[in-house]
Every structure is written in C-alpha cells, then in structure tokens.
Amino acid sequence: MTLLTVDSVTKRYGGLVAVDECSFEIGSDSLLGLIGPNGAGKTTLFNIITGLEDVDGGTIEIGGTRIENERPSRINREGIARSFQTTREWSRMTVMENLLLASPDQPGESPVLGVLNTPSVRETEAEKIEEASEVLRLVELYEKRNELASSLSVGQRKLLEIGRCLMTDPDLLLLDEPFAGVAPALVPVIAEHLGTLQGEDLSILIIEHNIDELSNLVEEILVMNNGQIMTRGAPEDVRRDREVQEAYLGGQ
Amino acid sequence: MVDANIILQFIVNGIVYGSIIAVGAMALTLVFGVLEFINFAHGEYMTLGAYLAFVFNVQFGLPIWAAFVVTLPLMAVFSVGADRIVFKPMRGDNHVTILIASIGLSFVLRNVIRMVWGVRKVGFKTPFFSGYKVGPVTVTPETIAIFLTAVAIMGLVHYLFTRTMIGRVMRAISDNQDLAAASGIHTERIVIYTWALGGAMAGAAGILIGLQNVIGPMMGYNVLLAIFGAVVLGGIGNVYGALVGGLLIGILQKVSVAFLPSSYQITIVFVVLAVFFVYKPDGLFRSTTTV
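Draft legend 1. Local environment of the overall build of chain A. The number of helices and strands found in chain A is nine helices and 10 strands. Computed over C-alpha atoms, the radius of gyration of chain A comes to 19 Å, within 12% of the 18 Å expected from 2.2 N^0.38 for 252 residues, which places it in the range of a compact globule. Sorting the 252 residues of chain A into buried and exposed places 54% on the buried side. Residue pairs in contact within chain A that sit at least 24 positions apart in sequence constitute 68% of those at least 6 positions apart.

Here you go:
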C-alpha cells in the first residue's frame, strides 16, 4: 500500500532549482535509502515534505491526505517525523523532557491546562513519562533520562532524535544522515534499531552518504540527482547502475 | 565624599527602579526568545498599559490594584492583536523588516496616545501617603508595593517556566522553533501565548513606572534604552539574564546620581556596558538557549 506520494514537486531558490518535478512513492512498512551527491536536493526534499519549506509546485500526500505547504506541526500529526542532519535537540532540557515535548496532545499547548497542575494533567504527564521511558529503553538512553541533552555524544543525540521521532507515533520516519559523525561502535547499534523499528506500521527513509552502510540495511535505494529521483532499486542493482556510478560514485 | 547613607538610599532606589526595568526587560527578551526580533514598540506597550490603568483608576474610580488587574488581560489582548495585524504578516521575512515595522508601530502608538490623552503628565490616585524611615533609608509604601509587585511577577514567570507544561513548551520553542514544529508542537499557538504574556508584563512594568514616577506619552520610550541595556547585559533572549541585568542597570543608574548630574544616568549605564562587552560580548549568561 502506498503511504507517501510525492508528485512533480518543485522547489526554487531564485534561479536555482533545488528540487525539480520530483516524483516518487513510498509504500507502508518499507525501509528505504536516499542517496545522491551533495546539492542533489535530499535535505531540501525532507524540508519540503515536513513543511519547513514551502513547495513551488506539485503535491505531497500521506495516507491520502494532501500536506504540501501545510504547517510542520500538522504534517507531524499526519504521521511524518524527521531527524536533522546536524542533530537538533533541546540542549538545556533533559533527555526525558526532549521526548515529552514531542508527544502529541500535551497539556502544555493548552492555555488553561498548560498553567494548571490539575490531577488530570498530572495523570497525562505520568502516562507520557511511561511511554517516553519505553521509547528511551528502546534507543538505549533510559539511563541518561535525567541528563541534559547537551551532555550526550553525537551518536546518542542521533538516538535521541530517533526516540523523539518515535514519540510522535509516526507512520513515516525521515532520517537525515543518522550515521554521520557517529562513533563507529555506535553505527551498528543505530542500524540495528532502525532494522527492528521498520514494520509495525512504520516506514523509514534514510538519507545517507555511506552506501555500504545503507546496502546492509535497506530494501531499496532511491538515487537523487539534480533535484530528481533518477532511479531506484535494490542496493546491489543501484551500485551496478552506470548512471548512478557516474553521478554519485564518480564513475568508480 | 558622598555620605554612605545617601549611597544606601540610592541603592534602595536602584533596586526598586531596577525591579521595574527587570520586568520590562524580561517581557522584551521573552518575545525575542520566541520570535527573534527586538520589539521597538515595547516602550509604548508599557506607556499604553499605564494609561489604560489610569483610565480605570482615575476616570472609572477603581482602586489602583483593581486597575492593575484589569489592565493586564487587556494588554495581553492588545499585544496579540498588534502581532496579528502588524508582525504576523511579515513573519519569515527578513528580521530587519519586522524591526523597522516595530519602530513604525512605536511612532504610531506614541502619537495615538498623545492624541487620546494629551501630552500633560498625569498620575494615579493611590491611597499611599508619605514615606517612613527604615534606619537611614526612606521608603514609601509606593516603592514597597512596586517592588513586591515586580518580585511577584518575576516569581510567577519563574513558576510558569519551571513548573508548568506551557512553560516547558515555551522554553522548547525559544530554544529551537523548527525542531518544535517538526515534533508536532503548534508553534503559532505558543507564539500567541508569548505575545500575551509579554504584553501583560509590559503593561505591568508601565503601571509600575507610572506609580513610581508620572504617566506621560514618553514614559515607556524613556526607559527603553535601560531595558535594552538590561536585555543585552543578561544575554539576549535569556529571561533570567534580563532579570539580573535589569536590577544591575537600575542600581547603576540610581547610584550614579550620587556622583554625577542625574541627566547622566543612562550615559553611565552605557559606558559601563561598553566596557563590559569588551570582556563578555555575549552578556552575563549565554544567550543561545533561553530562560
């Protein structure tokens, strides 16, 4: 079943066309990689899908709902969560708080419940803490739950981002270079988590430069070049593809 | 040599004045933390707050505390309304554009205030009478009320940020707005709360200035430089920094009167700030993360 449909999406910055009539689909319960040379438009594509940037043309649907140019919080509630290339976290808050903030329908967004500590608010908070604890155990950060996010290593921050994304209960997870800058020992840990997460009504799309890392992980790789998906296929096919080699691997 | 008792008196005056500056500065820096621009119309928000309270207090005959309480929600509504009309359409544009718009709003408000209430200075009707001596220092019931109110506001803001859910979300947004939006937080709604809180606090600061001094169309503008100083001194965007910065600047300003003509007050503040920033250009507290 199709989860995400990107149809003829275009994004221009002045004269530069960053994403050019880009079209592709993502099925539910899939684990995909997105590769492409620097400037191919990968991160811009993520920014567009998650609403941080507007599109200049084309449509995006998730589960049949149009989301292009919607506000990011609504897109998130429609089921898309993302991580950032340079990890983003609420650095002066604890690991636990970072997760709680991502949880849907938190009382903090209500002008009344947000300032009152009513029993129902405390109950909701307790439930969210329970849920967040579960997610933190999953990404192996439970022991760090009361530490400030700024005290985490790069790899742990990547895990925190994944945890934060999971708190929003997504159908689609967009990960922007989850292995970049991560200590080599942590890479397989993150990869393993991603492997176990997929399925259970969750699709994952990973931007990654390291094609070897991706090949072991994903079922399919989408190759982006000049703002378009130029090809997609099984990792071994993509690696053999001559056009891909020329565009991305420098013809090696 | 200046008498030590006089210095002590000026320090007390400075703490009271500084507590008002601190409230105004916290409001300004709070809005900055979330919206990343300095609202030049902030001074006029304070002035408007004072005049609204004046209307309730003097024209409608409400006691000053009731006028204060009634004015704050009105200022919150005004502040949110001004955002909707003036600033929101420019959100996402160049920050300089919004900055210039806020300077324009400042002019418009100041002159509307002049048209409505005139240029003559007015004052609140208060039940307070003359001051009494505490040791060598003279305090008036007004100054005590001003100081306690300012401290109560600071306490409430602290409670809001550290103990409530809304405070947590506000901190998150001022720390990283894109991240908050991508995590499903309805940032625009929090922006509204922030303006409401900032507007109410600005109004409160204005009323306190009016209590301490007089009410006039330039009253807010006249303290804006001191408030800017407090905001930058505390590390821009940092609410607690603004609190400390406000108190320090208030004390500095009032104590300077013991040594130099009173018209040099703000000059002294900025000379000290200039020297300070040579050594600590980011302010007292790091400003990358707020509150």
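After that view, the rundown keeps rolling.
Draft legend 2. Region of the structure containing the side chain of Lys128 of chain A. All names here are of chain A. Mapped onto the fold, Lys128 is located in helix α4 (residues 119-138). One buried charge, Lys128, has no salt-bridge partner; the nearest side chain with opposite charge is Glu131, at 5.1 Å. In this structure Lys128 touches Leu100, Ser103, Pro104, Asp105 and Met167, once residues within four positions along its chain are discounted.

Draft legend 3. Examining the sheet that holds strand β7 (residues 172-176) of chain A more closely. Residues and elements named next belong to chain A. Pairing is mixed in the open sheet, where six strands are placed in the order β6-β7-β8-β3-β9-β10. Pairing within the sheet leaves two strands with one partner each, and these edge strands are β6 (80-82) and β10 (228-233). When the angles between neighbouring strand axes are averaged without regard to direction, this sheet yields 20 degrees. The pairing of β6 with β7 spans three bridges and is classified as parallel. For Ile80, the partnering residue across the bridge sits in β7 and is Leu172.

Draft legend 4. Seen up close, the packing of helix α3 (residues 95-102) of chain A against helix α5 (residues 154-167) of chain A. Residues and elements named next belong to chain A. At a minimum axis separation of 7 Å, α3 and α5 run at an interaxial angle of 35 degrees. Handedness of the α3/α5 crossing: right-handed. On the side of α3, the interface is formed by Val95, Asn98, Leu99 and Ala102, while α5 contributes Leu160, Gly163, Arg164 and Met167. When the residues that make up the contact of α3 with α5 are grouped by side-chain class, the tally is five nonpolar, two polar and one charged.

What counts, and at which threshold
- Residues numbered from 1 in each chain as written.
- Chains lettered and ligands numbered in written order.
- Predicted model: local features only at pLDDT ≥ 70, side-chain atom pairs only at ≥ 80, totals over all residues.
- Heavy atoms only, no water.
- Helix = DSSP H or I, 4+ residues; strand = E, 2+ residues; numbered from the N terminus.
- Rg over C-alpha atoms; globule rule 2.2 N^0.38 Å.
- Buried < 20%, exposed > 50% of the residue type's maximum accessible area, 1.4 Å probe, protein only.
- Contact = heavy atoms within 4.5 Å.
- Lys, Arg positive; Asp, Glu negative; His and termini not counted.
- Salt bridge = Lys/Arg side-chain N within 4 Å of Asp/Glu carboxyl O.
- Pairing = 2+ DSSP bridges.
- Axes fitted to C-alpha atoms, helices over the stretch in contact; angles between N-to-C directions.
- Left-handed = near helix turned anticlockwise from the far one by under 90°.
- Nonpolar A, V, L, I, M, F, W, Y, C, P; charged D, E, K, R; others polar.

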